[in-house]
Amino acid sequence: MFTAQAATTWLTKFGDAIATNKAYLSDLDTPIGDGDHGNNMARGMTAVQAALATQTDADLTTVFKTVAMALISKVGGASGPLYGTAFLEMAKASKAGTTDLPTLLAAALAGIEKRGGAQAGDKTMLDVWVPVVAAVQADKLDATLIATAVDSTKPMIAKKGRASYLGERAIGHLDPGAVSSGYLFTALLETEAQA
Amino acid sequence: MKKIINAPQDVVPEMVDGLVRAYPQYLKQVPDTLAMVRSDTASMVGKVGIVSGGGSGHEPAHAGFVGQGMLSAAVAGQVFTSPTPDQIYAAIKAVDQGQGVFLVVKNYSGDVMNFDMAKDMAEMDDIEVQSIVVDDDIAVKDSLYTQGRRGVAGTVLMHKVLGAAADQGASLDELSQLAQAVLPHLNTVAVALSAATVPEVGKPGFELADDEIEYGVGIHSEPGYRREKIKPSKALVTELLAKIDERLHLDASHQYAVLVNGMGATPLMEQYIFSHDLLDALAEKGIKPAFMKVGNYMTSIEMAGISLTIFELTDAKWLDYLTYPVKTIAW
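Fair warning: this is a prediction, and the values are worked out from it, not measured in the lab. (Residues numbered from 1 in each chain as written. Chains lettered and ligands numbered in written order. Predicted model: local features only at pLDDT ≥ 70, side-chain atom pairs only at ≥ 80, totals over all residues. Heavy atoms only, no water.)

Visitor: Please explain the interface of chain A and chain B as it appears in this structure.
Guide: The accessible area lost on association of the parts is a frequent measure of interface size. Across the boundary between the two partners, chain A contributes 29 residues, which contact 33 residues of chain B. Counting across the interface, chain A meets chain B through 2 salt bridges. A salt bridge links A:Arg43 to B:Glu200; the shortest N-O distance between them is 3.8 Å. Linking chain A to chain B there are 7 residue pairs in polar contact (both at pLDDT 80 or more). (Contact = heavy atoms within 4.5 Å. Salt bridge = Lys/Arg side-chain N within 4 Å of Asp/Glu carboxyl O. Polar contact = N/O pair within 3.5 Å; in protein donor to acceptor, adjacent residues only side chain to side chain.)

Visitor: I'm lost on the pattern of salt bridges in this one. Help?
Guide: Any two side chains of opposite charge can pair, on the condition that their charged atoms come close. Residue and element names in this part refer to chain B. Following the criterion strictly, the structure yields 15 salt bridges over all chains and no others. Measuring nitrogen to oxygen at the nearest pair gives 2.6 Å for the salt bridge that ties Arg-21 to Asp-17. Highlighted residues: Arg-21 and Asp-17, both in helix 1 (residues 11-22), separated by 4 residues, approximately one helical turn. Linking Glu-214 and Arg-227 is a salt bridge whose minimum nitrogen-to-oxygen distance equals 2.5 Å. Of the two residues, Glu-214 sits in strand 8 (residues 212-215) while Arg-227 sits in strand 9 (residues 226-229), which places them 13 residues apart along the sequence. A relative accessible area of 3% means that Glu-214 is categorised as buried. Take Arg-227: its relative accessible area is 38%, and that puts it in the partly exposed class. Several salt bridges converge on common partners, so that one network encompasses Arg-226, Glu-228, Lys-231 and Glu-239. (Helix = DSSP H or I, 4+ residues; strand = E, 2+ residues; numbered from the N terminus. Buried < 20%, exposed > 50% of the residue type's maximum accessible area, 1.4 Å probe, protein only.)

Visitor: Mind showing me how you'd approach the confidence of the model for chain B here?
Guide: In regions of low pLDDT, the predicted coordinates are not meant to be interpreted in detail. Chain-level pLDDT for chain B is 95 on average; 98% of the residues reach the 70-or-more range. We note a pTM of 0.87 for the whole complex and an ipTM of 0.74 for its interfaces. (pLDDT = per-residue confidence, 0-100.)

Visitor: Explanation requested: the side chain of B:Ser176 in the structure shown.
Guide: Residues and elements named next belong to chain B. Mapped onto the secondary structure, Ser-176 falls in helix 5 (residues 172-182). Within the structure, Ser-176 has its side chain in polar contact with the side chain of Gln-130 (distance 3.1 Å). Once you skip the residues sitting within four places of it in the chain, Ser-176 turns out to touch Phe-102 and Gln-130.

Visitor: Would you take a moment to explain the pairing of strand 6 (residues 129-134) of chain B for this structure?
Guide: Along any regular strand, the residues point their side chains to alternate faces of the sheet. Judged from the 6 bridges that link them, strand 5 (residues 101-106) of chain B and strand 6 of chain B form a sheet pairing that is parallel. Among the inter-strand pairings, B:Val104 is bridged to a residue of strand 6 of chain B, identified as B:Ile132. (Pairing = 2+ DSSP bridges.)

Visitor: Sorry, what's going on with the environment of B:Ser275 here?
Guide: Residue and element names in this part refer to chain B. In this fold, Ser-275 is placed in helix 7 (residues 268-284). A relative accessible area of 5% means that Ser-275 is categorised as buried. Separated by 107 residues in the primary sequence, Ser-275 and Gln-168 have C-alpha atoms spaced 32 Å apart. Residue contacts for Ser-275: discarding those within four places in its chain leaves Val-260, Met-292 and Val-294. At 2.8 Å, the side chain of Ser-275 and the backbone oxygen of Gln-271 are in polar contact.

Visitor: Explanation requested: the nonpolar core in the structure shown.
Guide: For soluble globular proteins, the rule of thumb is that nonpolar side chains tend to be buried together. Residues and elements named next belong to chain B. Membership of the largest hydrophobic core comes to 66 residues, with the highest contact counts inside it found for Phe-65, Phe-102, Ile-132, Met-158, Leu-162, Leu-175 and Phe-311. The dominant element in this core, judged by the number of residues it contributes, is helix 4 (residues 154-167), at 8 residues. A domain split of this core shows at least three residues from each of domain 1 (11-184) and domain 2 (185-323). Beyond its immediate chain neighbours, meaning those up to four positions away, Phe-102 contacts Val-48, Gly-49, Ile-50, Val-51, Gln-130, Ser-131, Ile-132, Leu-162, Leu-172, Leu-175, Ser-176 and Ala-179. (Core = buried A, V, L, I, M, F, W, Y, C linked by side-chain atoms within 4.5 Å. Domains from an automatic or database assignment.)

Visitor: Please clarify how the packing of aromatic side chains should be interpreted in this entry.
Guide: We describe a pair of aromatic rings using the distance from one ring centre to the other and the angle between the two ring planes. All names here are of chain A. Scanning the model with the defined rule gives 11 aromatic pairs over all chains in all. Taking 6.1 Å as the distance between ring centres and 40° as the angle between the ring planes, the aromatic pair formed by Phe-14 and Tyr-83 counts as tilted. In this pair, Phe-14 is assigned in helix 1 (residues 4-20) and Tyr-83 in helix 5 (residues 79-95), connecting sequence segments 69 residues apart. In this pair, the class of Phe-14 matches that of Tyr-83, namely buried. (Phe/Tyr/Trp six-rings, centres within 6.5 Å; stacked < 30°, edge-to-face > 60°.)

Encoded structure:
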């Protein structure tokens, strides 16, 4: 069972990772995007952490919904709707009675796929989400798997988002959304390890 | 980086506040948002609202085009970052007169997703919303494997045509048909001399040597299709016009509207010189534009460069829409 407390810990850790790596994420975004991924995510996660701090007794659905609304209203760009949709779908799934983490994450993944219209292999956050969600379902998630998934975006040609305009010139660069998603799941691993 | 700003994270709210306070006759801000609506609410009564917007850094787009005969509202996102759905929705709600609202969106993943989410929110409140995604930048090839072409300066001409039609009482469906009809006839391509610096990032979006230019650069420093040494204005015209001609097949028996757009740091003097060479090149093909505008309409902060938009007027009414009077800050 995934609890509201675990979700809060998870997202607080994710916010800390984003704050620490804000400049790095924006640097990754400069050659293949528009150089703002770190700033946008940091603005969103600061709002998430502030909102979570005021909701100490919230249930799981409320935690996910709070996170979703903060991200949707503060991040902007493509990352806001994509991360926002992921947490909104987890809020919906938990409202329907699910507290099972693999099922929650599968709902989030389906939401990202629908919102962005991308597929694994397109050099996007999905290249982390797809293998990670599969690993969570098989109870095999570890740091190596996350790192491998993030690194897998390096040789890819982007097919969605601003990096797609670069064609082959995007090869050799990590996808910033995949890197931030890597932080999200690293934070999840750390949360699970504490439980 | 030298900029006349305060804290980088305050750039957008301070800009919006300055804009609405300097021009209260045109704009008012929806409280607690970065959405700006037409002050002259009487001019919107009984008409379909037109809402546009996008990341900031493209001024005077989009708020400069809010006013009777053009946009009903504009939503400002963070610099080069789409506005969020709640903000877009606030603008939709503020301009809806019961006739529905039409959204003009530029083709970027973020913009498309955020405007779609706002549309979903409006539909839950029974406000009918339709939209067009503008993708006039022909520098990027249409392909199954990319996001597709980008929306750039041609968007301003889309605002003008739709705004004039809406002011004359076009319905939401009619505006949607008009937008779909106009879209394939908007063709834009740019040349950049130097890159823009997003205030929060603090360094240029790309590097060009002092004597280098890049053709086909987008309005957020997206890469173009070729780099080479700087050339005289005449040669730049030849390159950009040839690129457009490949797709449009310019023909002396057809009518065209032309927009020469400065990217932010290129002086009007250079834009007029470019226009001089452009009009000569068109005249050689037997073409005299039926309508022309020169100036800063869709900028990219302090990027130096020019974009050329050629809009083929396949319907005589479109010229009337372009010349229809407006009351805006920047048209």
